[in-house]
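Chain by chain, the residues:
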Amino acid sequence: MAQEQEFVAGDGTRFSLPMEGGVPARATTDEATFEAAGFDIDTSGAPSLTDRFTFLFKGGEQPVRVRVEDITLATPVVIVEAPVPESLPGAGFRRSRFELQAPTCPIARGEPCSAWMFGPQEFRLYRVTLTYNGAGPVVLLQAEPYQMGAFIARLGDRIPDATVSQP
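In short, a report on the structure. (Residues numbered from 1 in each chain as written. Predicted model: local features only at pLDDT ≥ 70, side-chain atom pairs only at ≥ 80, totals over all residues. Heavy atoms only, no water.)

**Considerations on the sheet that holds strand 3 (residues 23-24)**
Read from one edge of the open sheet, three strands run 1-2-3, paired in antiparallel fashion. Edge positions in the open sheet fall to strand 1 (4-8) and strand 3, since each of these has one partner strand only. Here strand 2 (residues 14-20) pairs with strand 3 via two bridges, running antiparallel. Bridge pairing links Met19 to Pro24 in strand 3. (Pairing = 2+ DSSP bridges. Helix = DSSP H or I, 4+ residues; strand = E, 2+ residues; numbered from the N terminus.)

**As for the state of the cysteines**
The final tally for this structure, using the stated rule, is one disulfide. Sulfur-sulfur distance for the disulfide between Cys105 and Cys113 comes to 1.9 Å. Every disulfide takes its handedness from the sign of the S-S torsion; for Cys105 and Cys113 that torsion is 95°, giving right-handed. A residue is classified by how much of its surface remains accessible, and Cys113, at 21% relative accessible area, is partly exposed. (Disulfide = S-S within 2.5 Å. Buried < 20%, exposed > 50% of the residue type's maximum accessible area, 1.4 Å probe, protein only.)

**Some words on the packing of aromatic side chains**
Under the counting rule described, the total for this entry stands at eleven aromatic pairs. Pairing Trp116 with Tyr146 gives two aromatic rings, centres 5.7 Å apart and planes at 50°, and the pair type is tilted. Taken as a pair, Trp116 in the loop between strand 9 (105-106) and strand 10 (123-132) and Tyr146 in the loop between strand 11 (135-145) and helix 1 (149-155) lie far apart in primary sequence, 30 residues in all. Residues Trp116 and Tyr146 agree in their burial class; the two are buried. Taken together, the ring pairs in this structure connect Phe34, Phe53, Phe55 and Tyr126 into an aromatic cluster. (Phe/Tyr/Trp six-rings, centres within 6.5 Å; stacked < 30°, edge-to-face > 60°.)

The following block contains the structure:
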């Protein structure tokens with residue numbers, strides 16, 4: 001049996017996942033599995049990142065909407081929220097795969113969508129809310145090992161401060 005590790009989000013949310021090969025297992029429910037999380041970084045101009053996610057919806061009704069939040073730090077940040085298309089690629093008998101890309105996020109000090117990169121935490125924590133027609137939401141909590149200290153140090157002065165707009 002895999003050993004479980006407890007994770008504590010910045011807002012106090014607690015959850016556990018089995019550890020497999022030193023990394024957290026995939027969060028799963030009867031309805032869905034958090035299959036993958038990742039991101040692409042672009043440093044050719046102003047540094048930015050684009051989060052990517054893959055979910056596997058199991059047999060039965062599929063959700064109509066997916067919301068992904070970064071809950072690593074004290075204030076949860078919505079990374080992306082999107083409707084689920086009616087027709088999704090198959091991933092096996094009575095399963096469908098949904099791949100989702102977030103809007104590009106500037107890597108900047110004080111920027112909420114990239115703030116997790118500047119902390120000492122070992123894991124980035126996600127809360128995914130799946131909305132279904134006529135049923136309550138389904139929540140998946142996932143941890144991903146991302147240590148960004150060396151990357152941030154390498155970029156150094158190329159990382160700007162976030163631009164704050166005044167109302």
